[in-house]
Amino acid sequence: MILIIGGMFQGKKEYVRSRFGLEVKDMADGSVCSYEELFHCRGIFHFHEWIRRMLQENRDLTNLAGRLEKENPQILIISNELGYGVVPVDSFDREYREAAGRICTRIARSAVSVHRVVCGIGTVIKDA
């Protein structure tokens, strides 16, 4: 697995295209793709939105990183960083933000590499 993280509109998809040769059209969009599609796609962008939707559907995401490692170990995941800024007042938004952070932490632990993109510049923060 490869995890790409960064703030909104920081050039993550362009970074993936130039660094890994993976085009947006070849990836699933987490804001609309199904639960099962995650385990079969080459890459996913808006992964944080996929997490939000799955939580809204009351899906159990407890062992998501482990399942991905077994069923789709080559996946490239693009996610926004959500842990900065004001803590949301809404309880679901707080739960979602915490879940996204914990899931990305588990994925980063299993990933062969993790990249952080800021202003279109990628920095490798883990390289196995």
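What counts and what doesn't
Residues numbered from 1 in each chain as written. Predicted model: local features only at pLDDT ≥ 70, side-chain atom pairs only at ≥ 80, totals over all residues. Heavy atoms only, no water. Helix = DSSP H or I, 4+ residues; strand = E, 2+ residues; numbered from the N terminus. Rg over C-alpha atoms; globule rule 2.2 N^0.38 Å. Buried < 20%, exposed > 50% of the residue type's maximum accessible area, 1.4 Å probe, protein only. Lys, Arg positive; Asp, Glu negative; His and termini not counted. Charge placed at Lys NZ, Arg CZ, Asp CG, Glu CD. Contact = heavy atoms within 4.5 Å. Core = buried A, V, L, I, M, F, W, Y, C linked by side-chain atoms within 4.5 Å. Phe/Tyr/Trp six-rings, centres within 6.5 Å; stacked < 30°, edge-to-face > 60°. Lys NZ or Arg CZ within 6 Å of the ring centre and 35° of its normal.

> Kindly report on the overall build of the chain, identifying the contributing residues and their values.
Looking only at helices and strands, the chain features four helices and six strands. If you list the helices and strands of the chain from N to C, you get β-α-β-β-α-α-β-α-β-β. Here the C-alpha atoms of the chain give a radius of gyration of 14 Å, agreeing with the 14 Å that 2.2 N^0.38 yields for 128 residues. Taking the principal axes of the C-alpha coordinates as reference, the chain spans close to 40 × 30 × 25 Å. Looking at the chain residue by residue over its 128 residues, the buried ones come to 41%. Between the centroid of the 18 positive side chains of the chain and the centroid of its 17 negative side chains there is a distance of 4 Å.

> So, the side chain of histidine 48: which residues are in play, and what are the values?
Topologically, histidine 48 is positioned in helix H2 (residues 47–56). According to the relative accessible area criterion, histidine 48 is buried, its value standing at 5%. For histidine 48, the contacting residues outside a window of four places in its chain are Ser79, Asn80, Leu82 and Tyr96.

> Tell me what's going on with the nonpolar core, and back it up with residues and numbers.
Of all hydrophobic cores here, the largest spans 30 residues; its most connected members are Ile44, Phe47 and Trp50. Apart from residues no more than four positions distant in its own chain, tryptophan 50 is found in contact with Gly30, Cys33, Ser34, Tyr35, Leu38, Ile44, Leu61 and Leu64. Among the nonpolar cores identified, the runner-up in size contains 10 residues, and Phe45, Leu76, Ile78 and Val117 belong to it.

> Quick rundown of the packing of aromatic side chains? Include the residues and the values.
In the structure shown here, the tally under the stated rule is four aromatic pairs. Summarising the aromatic geometry, the rings of tyrosine 35 and tryptophan 50 are spaced 5.8 Å apart at their centres and angled 20° between planes, so their arrangement reads as stacked. Linking tyrosine 35 in the loop between strand E2 (28–29) and strand E3 (43–45) with tryptophan 50 in helix H2, this pair joins segments that are 15 residues apart in sequence. What makes tyrosine 35 buried here is its relative accessible area of 14%. Residue tryptophan 50 is classed as buried on the basis of its relative accessible area, which comes to 0%. Across from the ring centre of tyrosine 35, 4.2 Å away, lies the NZ or CZ of arginine 59, which sits over that ring.

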